[in-house]
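The residues making up each chain are set out below.
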Amino acid sequence: MLELRTLLGAIPLAVAVAVACPAAVSAQTAPARESHRMTLPKGTLLAQGFIEVNLSADNVIKPVSLSPDIWYGLNDDLSLGLVHSAPGSGGFYGGVGTSLCLTGEDNGCGAGVYHNLGLDARYNLLEGVLPLAVDGGVFISDFDPFLLALKVGLVGKWQGPIAVIFNPNLSVGITERDAGNEEVFSLPLATMYEITPKISVGLQTGIVLPFTDVGNLWRIPLSVGGRFLITGGIWAEAAFTLPAVAGGDGITNGFDARVLTVGGGVVL
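Residues numbered from 1 in each chain as written. Predicted model: local features only at pLDDT ≥ 70, side-chain atom pairs only at ≥ 80, totals over all residues. Heavy atoms only, no water.

Enquirer: Which residues make up the overall build of the chain, and what values go with them?
Expert: Helices and strands together make up the secondary structure of the chain, namely three helices and 14 strands. Within the chain, the fraction of its 268 residues that count as buried is 48%. The long-range share in the chain, meaning contacts at least 24 apart out of those at least 6 apart in sequence, stands at 57%. In the structure as shown, the chain presents an accessible area of about 11100 Å², 68% of it carried by carbon and sulfur atoms. (Helix = DSSP H or I, 4+ residues; strand = E, 2+ residues; numbered from the N terminus. Buried < 20%, exposed > 50% of the residue type's maximum accessible area, 1.4 Å probe, protein only. Contact = heavy atoms within 4.5 Å. Areas by Shrake-Rupley, 256 points an atom, 1.4 Å probe, with all protein chains shown as cover.)

Take a look at the structure:
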């Protein structure tokens, strides 16, 4: 059965915890008696990928990108990840042009094909009804110029009739700070509802607050989507995102900016 803990954005990793631990996955079971974690069981490998398609006004399929993530449970308390996707990096669905940008420089990719590489880790703090883990790592959002940042945050879930998932995190720019690679606070918040043991739907919102020029660059994303459990260890998912349903004057707000994300994964 598919765990409610994971749909949109905040915790793509946690879907593997659900698939790998089927005894602790349903909202209809008694969560107080279950052992929930936000990390993978020891020896568990998760591979997932996302196709991200820009559907914004005047820029449809400009760009399209492919973003794979790989996570491994080093032990029950520590999971390590090589991540490229927007959900894996900052917690929000709706990124586009990350990792392998497929449509070329003239169609939204900018210079180069490969962007956004991260080495991430999650360490278990609490388990049970309100599992919690530290989430942090080193991220390179671009190679030319070389944009290096550190991320530190938390990831957790409250399980009731619906699941509430949260992933507050702070990105601290290390290089090229004069070029805008500075601090950004992100607070992804998601809810999920299990329709059947195989089908879940969810909604994600939250806020993104750059420390510089926050009045012009703050934004509130909004995503809706669903996930389908194909087999015990394979799933598919899709999400439609408005990256800034509201925001500052320096960004494109409302329905003009929109992204479709289609993905899936496997747990081994």
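We are not done yet, so read on.
Enquirer: Describe the nonpolar core, naming the residues involved and giving the relevant values.
Expert: Note that soluble globular proteins tend to have their nonpolar side chains buried in a common cluster. Core analysis: the biggest nonpolar cluster contains eight residues, these being Leu-40, Leu-46, Trp-71, Val-83, Phe-139, Leu-229, Trp-235 and Val-267. In this view, Val-83 contacts Pro-68, Asp-69, Trp-71, Gly-88, Ser-89, Asn-116, Leu-117, Gly-118, Asp-120 and Phe-139; residues no more than four positions away in its chain are not counted. (Core = buried A, V, L, I, M, F, W, Y, C linked by side-chain atoms within 4.5 Å.)

Enquirer: I'd like a rundown of unusual backbone geometry, residues and numbers included.
Expert: The omega angle of the peptide bond from Lys-62 to Pro-63 is 10 degrees, so this bond is cis rather than trans. Residue Pro-145 is bonded to the preceding Asp-144 through a cis peptide linkage, with omega at 5 degrees. Assignment of secondary structure puts Pro-145 in the loop between β6 (132-143) and β7 (146-159). Although it is not a glycine, Ser-99 adopts a positive phi angle of roughly 55 degrees. Tracing the backbone shows Ser-99 in the loop between α2 (86-89) and β4 (100-101). For Ser-99, a relative accessible area of 1% translates into the label buried.

These values are about where atoms sit, not about what they do.
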